[in-house]
Amino acid sequence: AQSVTQPDIHITVSEGASLELRCNYSYGATPYLFWYVQSPGQGLQLLLKYFSGDTLVQGIKGFEAEFKRSQSSFNLRKPSVHWSDAAEYFCAVGYSGGYQKVTFGIGTKLQVIP
Amino acid sequence: GAVVSQHPSWVICKSGTSVKIECRSLDFQATTMFWYRQFPKQSLMLMATSNEGSKATYEQGVEKDKFLINHASLTLSTLTVTSAHPEDSSFYICGLLGAVNTEAFFGQGTRLTVV
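Residues numbered from 1 in each chain as written. Chains lettered and ligands numbered in written order. Predicted model: local features only at pLDDT ≥ 70, side-chain atom pairs only at ≥ 80, totals over all residues. Heavy atoms only, no water.

Draft legend 1. Spatial organisation of the packing of aromatic side chains. Applying the stated criterion across every chain yields a total of 14 aromatic pairs over all chains. Each ring, one from B:F67 and one from B:Y92, has its centre 6.4 Å from the other, and the planes form 45 degrees; the classification is tilted. Linking B:F67 in strand 7 (residues 67-73) with B:Y92 in strand 9 (residues 90-97), this pair joins segments that are 25 residues apart in sequence. Assigned by exposure class, B:F67 and B:Y92 land together as buried. What links up through ring pairs into an aromatic cluster is the set A:Y32, A:F34, A:Y36, A:F51, A:F90, A:F104, B:Y36 and B:F106. (Phe/Tyr/Trp six-rings, centres within 6.5 Å; stacked < 30°, edge-to-face > 60°. Helix = DSSP H or I, 4+ residues; strand = E, 2+ residues; numbered from the N terminus. Buried < 20%, exposed > 50% of the residue type's maximum accessible area, 1.4 Å probe, protein only.)

Draft legend 2. View of the pattern of salt bridges. All names here are of chain A. By the definition in use, this model includes 6 salt bridges over all chains. The salt bridge partner of R77 is E66, with a shortest N-O separation of 3.3 Å. Separated by 11 residues along the polypeptide, R77 in strand 9 (residues 73-78) and E66 in strand 8 (residues 64-68) bring together distant segments of the chain. A relative accessible area of 23% places R77 in the partly exposed class. According to the relative accessible area criterion, E66 is partly exposed, its value standing at 22%. By sharing partners, the salt bridges in this structure join E64, E66 and R77 into a single network. (Salt bridge = Lys/Arg side-chain N within 4 Å of Asp/Glu carboxyl O.)

Draft legend 3. Inspection of the nonpolar core at higher detail. Residue and element names in this part refer to chain A. Membership of the largest hydrophobic core comes to 26 residues, with the highest contact counts inside it found for L19, W35, L47, L48, F74, L76 and Y89. Contributions of two or more residues to this core are made by strand 2 (10-14), strand 3 (19-21), strand 5 (32-38), strand 6 (44-50), strand 8, strand 9, strand 10 (87-94) and strand 12 (108-113). Examining the composition of this core, we find that 4 residues originate from one element, strand 10, more than from any other. With residues up to four places along the chain from it excluded, the contact list for F74 reads C23, L33, F34, W35, L48, K49, Y50, V57, A65, E66 and F67. (Core = buried A, V, L, I, M, F, W, Y, C linked by side-chain atoms within 4.5 Å. Contact = heavy atoms within 4.5 Å.)

Draft legend 4. Highlighting the confidence of the model for chain A. Model confidence for chain A is summarised by a mean pLDDT of 89, while 95% of its residues fall at 70 or above. Within chain A, the lowest mean pLDDT, 84, falls on strand 11 (residues 102-104) of chain A, and the highest, 98, falls on strand 3 of chain A. (pLDDT = per-residue confidence, 0-100.)

Draft legend 5. Geometry of a nonpolar patch on the surface. Residues and elements named next belong to chain B. Together, W10, I12 and V115 give the surface a local cluster of nonpolar side chains, amounting to about 370 Å² of exposed area. Relative to the helices and strands, I12 is located in strand 2 (residues 10-13). By relative accessible area, I12 is classed as exposed at 54%. (Patch = residues over 30% accessible without salt bridge, like charges linked within 9 Å, V, L, I, M, F, W, Y side chains within 5 Å. Areas by Shrake-Rupley, 256 points an atom, 1.4 Å probe, with all protein chains shown as cover.)

Put into structure tokens, the structure is as follows:
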């Protein structure tokens, strides 16, 4: 069965500092990988996704993520964090045959301090 | 991307009553919609997948008689929590498959509190 691990439940960074959120997945075939962001009381917004091709994917709001098959990782990065980035971030993996089932990680709560 | 409207955004109900949550696709005809549940400090757990015009497919451990899902049209799916109890208090989020079947769009969620 597929699974997603986000080892950091809570991360605090200073505004302007760089950010990396870790995500490791377990899935036998080629995964579909996603990063979603959830602001307090809000639904989920897709930041970026990886299906195939270039392993470095660019998303919205200045985020990027790199798929590393050898490490089964899909870490999310941003070079300079803004206070508005404070939210909860979910990594997710879907079946390679389509979206039909997606497993989410536990989420990483990002706090940004001035 | 598709716009998904979920209503209500929050609801408080008495134990033993039923609550209906609506999920509407405003600009897209969704043949497949999802319902997730999120407990505090936990991830989103898929409850069921609903397909327009057919019965929903429930995940293991989810009581289909307690969580009634209806997907009567391509733009509306409803989740009814029947005989709600305090342990049903949670954040419920609906989602739908996008046009290329490889991306999902989510509603803003419903915070259910059963007292």
